[in-house]
Amino acid sequence: MPTLVPVYGHRYLPAGAGGHGHPVLSVYQTDIIYYGVDLLDYLHREFGTAPAGSSADDPQATAPFWRD
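The model shown is predicted, which means the values in this text are computed figures rather than measured ones.

Draft legend 1. Region of interest: the pattern of salt bridges. Tallying each qualifying case throughout the model produces two salt bridges. Arg-11 is the partner of Glu-46 in a salt bridge, and the nearest nitrogen-oxygen pair spans 3.6 Å. Here Glu-46 is found in helix H1 (residues 39–47), whereas its partner Arg-11 is found in strand E2 (residues 11–14), with 35 residues between them in sequence. On the basis of relative accessibility, which here comes to 31%, the residue Glu-46 falls in the partly exposed class.

Draft legend 2. Quick look at the packing of aromatic side chains. Applying the stated criterion to the full structure yields two aromatic pairs. Measuring from ring centre to ring centre gives 5.2 Å for Tyr-8 and Phe-47, while their planes differ by 80°; the resulting arrangement is edge-to-face. With Tyr-8 in strand E1 (residues 4–8) and Phe-47 in helix H1, the pair connects residues that are 39 residues apart, well separated along the chain. Ring geometry for Tyr-42 versus Phe-47: centroids 6.1 Å apart, planes at 80°, classification edge-to-face. When its relative accessible area of 1% is taken as the criterion, Tyr-42 is described as buried. Joined through ring pairs, the aromatic side chains of Tyr-8, Tyr-42 and Phe-47 make up one cluster. One Lys or Arg, Arg-11, reaches over the ring of Tyr-35 and ends 3.7 Å from the middle of that ring.

Draft legend 3. Seen up close, the sheet that holds E2. The four strands lie next to each other as E1-E2-E3-E4, forming an open sheet whose pairing is antiparallel. Strands at the two margins of the open sheet, each flanked by one partner only, are E1 and strand E4 (31–36). On average, adjacent strands in this sheet sit at an angle of 40° to one another, irrespective of strand direction. With five bridges connecting them, strand E3 (residues 24–28) and E4 associate as antiparallel partners. Bridge pairing links Leu-25 to Tyr-34 in E4. On the sheet, H1 packs against E1, E2, E3 and E4 and is oriented at approximately 90° with respect to E4.

Reading the values: the criteria
- Residues numbered from 1 in each chain as written.
- Predicted model: local features only at pLDDT ≥ 70, side-chain atom pairs only at ≥ 80, totals over all residues.
- Heavy atoms only, no water.
- Salt bridge = Lys/Arg side-chain N within 4 Å of Asp/Glu carboxyl O.
- Helix = DSSP H or I, 4+ residues; strand = E, 2+ residues; numbered from the N terminus.
- Buried < 20%, exposed > 50% of the residue type's maximum accessible area, 1.4 Å probe, protein only.
- Phe/Tyr/Trp six-rings, centres within 6.5 Å; stacked < 30°, edge-to-face > 60°.
- Lys NZ or Arg CZ within 6 Å of the ring centre and 35° of its normal.
- Pairing = 2+ DSSP bridges.
- Axes fitted to C-alpha atoms, helices over the stretch in contact; angles between N-to-C directions.
- Contact = heavy atoms within 4.5 Å.

As structure tokens, this is what we get:
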């Protein structure tokens, strides 16, 4: 299981290789959902409006354990 890096409240980024492209996850007990396809997308969704032309792509698994 990859290490989760706290972002805000119970929002986390999975730690891993590369500095971008990791989805922001909400982890509360056994409930895990994504809140943004990456950190910038999450910040726009959580604290303001998404910029024009932003995509609503599904997040990609960035931890090898989750891709298996």
